[in-house]
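Understanding the architecture of this molecule
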Amino acid sequence: MIDHSFQQQLREQYNPEGSTLRNIQHSLLRILLEIDRICSANGIPYWLDSGTLIGAQRHGGFIPWDDDLDICILRKDYRRFCHVMRRELQAPYKLFALGSTDGYSHPWPRIIDDNISLERTLPDGTFREEPLWVDIFLMCNGSPSLARKIDKIYGRCFRRRHRLICDGRWKHAVAVVAYPFAYALAAASRFAGRFVCPETYLHDFATGFYSVRKRAHIFPLKTILFEGQSFPAPNDVDSYLRLIYGDYTRIPEEEKRITHHIASIKYHDNE
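Okay, so let's go over this structure. (Residues numbered from 1 in each chain as written. Predicted model: local features only at pLDDT ≥ 70, side-chain atom pairs only at ≥ 80, totals over all residues. Heavy atoms only, no water.)

So, on to the overall build of the protein. The secondary structure content of the protein amounts to nine helices and 10 strands. Taking 18 Å as the expected radius of gyration for a compact globule of 271 residues, we find that the protein reaches 19 Å, a close match to that expectation. Considering only C-alpha atoms, the protein reaches an extent of 55 × 45 × 40 Å along its principal axes. Per-residue burial for the protein yields a buried fraction of 48% across its 271 residues. (Helix = DSSP H or I, 4+ residues; strand = E, 2+ residues; numbered from the N terminus. Rg over C-alpha atoms; globule rule 2.2 N^0.38 Å. Buried < 20%, exposed > 50% of the residue type's maximum accessible area, 1.4 Å probe, protein only.)

Tracing the chain through its elements places R213 in strand 7 (residues 213–214). A relative accessible area of 1% places R213 in the buried class. A distance of 2.4 Å separates the side chain of R213 from the side chain of S211, its partner in a polar contact. At 3.2 Å, the side chain of R213 forms a polar contact with the side chain of Y240. Apart from residues lying up to four places away in sequence, R213 is in contact with D49, S50, M139, E199, T200, Y201, H203, I218, Y240, L243 and I244. (Polar contact = N/O pair within 3.5 Å; in protein donor to acceptor, adjacent residues only side chain to side chain. Contact = heavy atoms within 4.5 Å.)

Let us look at the packing of aromatic side chains. According to the stated counting rule, one finds 15 aromatic pairs in the structure shown. Ring plane angle 85° and centroid distance 5.7 Å describe the contact between W47 and F219, whose orientation is recorded as edge-to-face. A residue pair is termed long-range when its members are at least 10 positions apart, and W47 in strand 1 (residues 46–48) and F219 in the loop between helix 8 (215–218) and strand 8 (222–226) qualify at 172 residues. Considering the side-chain rings of Y154 and F158, the 6.1 Å spacing of their centres and the 45° angle between planes classify their relative orientation as tilted. Within this pair, Y154 and its partner F158 are both found in helix 6 (residues 154–161), separated by four residues, close to a single helical turn. Judged by its relative accessible area of 5%, Y154 falls in the buried class. By the ring-pair criterion, three or more aromatic residues cluster together here, those being Y154, F158, Y179, Y183 and F205. The ring centre of W133 lies 3.5 Å from the NZ or CZ of R110, which sits over that ring. (Phe/Tyr/Trp six-rings, centres within 6.5 Å; stacked < 30°, edge-to-face > 60°. Lys NZ or Arg CZ within 6 Å of the ring centre and 35° of its normal.)

The subject of this paragraph is the pattern of salt bridges. Following the criterion strictly, the structure yields 21 salt bridges and no others. Among the ionic pairs, E17 bridges to R11, the shortest N-O distance being 3.0 Å. In this structure, D238 and R242 form a salt bridge, with 3.0 Å as the shortest nitrogen-oxygen distance. Taken together, the residues D238 and R242, both in helix 9 (residues 237–245) and four residues apart, mark about one turn of the helix. Overall, D238 belongs to the partly exposed group, its relative accessible area being 29%. Salt bridges sharing common partners tie together R11, E17, R22 and E227. (Salt bridge = Lys/Arg side-chain N within 4 Å of Asp/Glu carboxyl O.)

Look at any regular strand and the pattern is simple: side chains alternate between the two faces of the sheet. A large share of strand 2 (residues 70–74) lies buried, amounting to five of its five residues. Here strand 2 shows two buried faces, one formed by D70, C72 and L74 and the other by I71 and I73. Looking at chain direction, strand 1 and strand 2 are connected through three bridges and run antiparallel. By the bridge assignment for strand 2, L48 is matched with I71. Sheet topology places strand 2 next to strand 5 (residues 127–141); five bridges connect them, and they run parallel. (Pairing = 2+ DSSP bridges.)

Between two packed helices, both the angle of their axes relative to each other and the distance between the axes serve to describe the pair. Packing of helix 6 against helix 7 (residues 169–196) leaves a shortest axis separation of 7 Å and a crossing angle of 135°. The angle between helix 6 and helix 7 places the two elements in the oblique class. The interaxial crossing formed by helix 6 with helix 7 has left-handed handedness. Note on element contacts: helix 7 touches helix 6 through K171, H172, A175, V176, A178, Y179, A182, Y183, A186 and R190, opposite Y154, C157, F158, R160 and R161. Of the residues in the contact of helix 6 with helix 7, the class split is 10 nonpolar, one polar and four charged. (Axes fitted to C-alpha atoms, helices over the stretch in contact; angles between N-to-C directions. Parallel < 35°, antiparallel > 145°, perpendicular 65-115°, else oblique. Left-handed = near helix turned anticlockwise from the far one by under 90°. Nonpolar A, V, L, I, M, F, W, Y, C, P; charged D, E, K, R; others polar.)

Set out below in structure tokens:
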């Protein structure tokens, strides 16, 4: 963990208490606590991942300039995860599952707070309103080289089918027709990966992420402090993060401290 005084300096610069960013982080933490409550009660393993895990290890909580939150679950637990979340999530939280929620078409599921929306500034200067969410990344066994090859088929079919890529009616029509075959190919690869690459985990297909995680670094899970609360984490956090990011302990240069350009936060009453 970084020096306490430097951590305080970063907090004052990016996310002091009462700031829009800090309020977003508190709201994300509440979503995570709800996920943790349900997963713990139903024996579904999950762990903090990506920038969230870096934040826990390096800052003891959110990276001061970060405005999202990432966790991982095993692909084999996904159906059970969806079942218990639909049954036990309490308002204002909702599950956005793959291809099943009011036109939701992202390649990984999310848990949203239906009472909060964010207005983000896009590169062209326009604004986009979207809900506040926690990303749920599904992890399966496999090799990155094979995953890239399969994603040239499955990933493109998925994105065109759900209009995440809009490059013509004919390509969309071909993707719709080919999708069942591409889905079967991805499913077969997931199944084979359990036997061919049992020690290696990757993001599920169509995410566009191919960084490797090692079973030995993940299991058995332990806990880590994040914003004063204990949450599941890989067993060897340091090795896990170094494999993905290299020297994650170094604070990036100021121009590389990436935010998602939040213009405003809106609160609704949808209960």
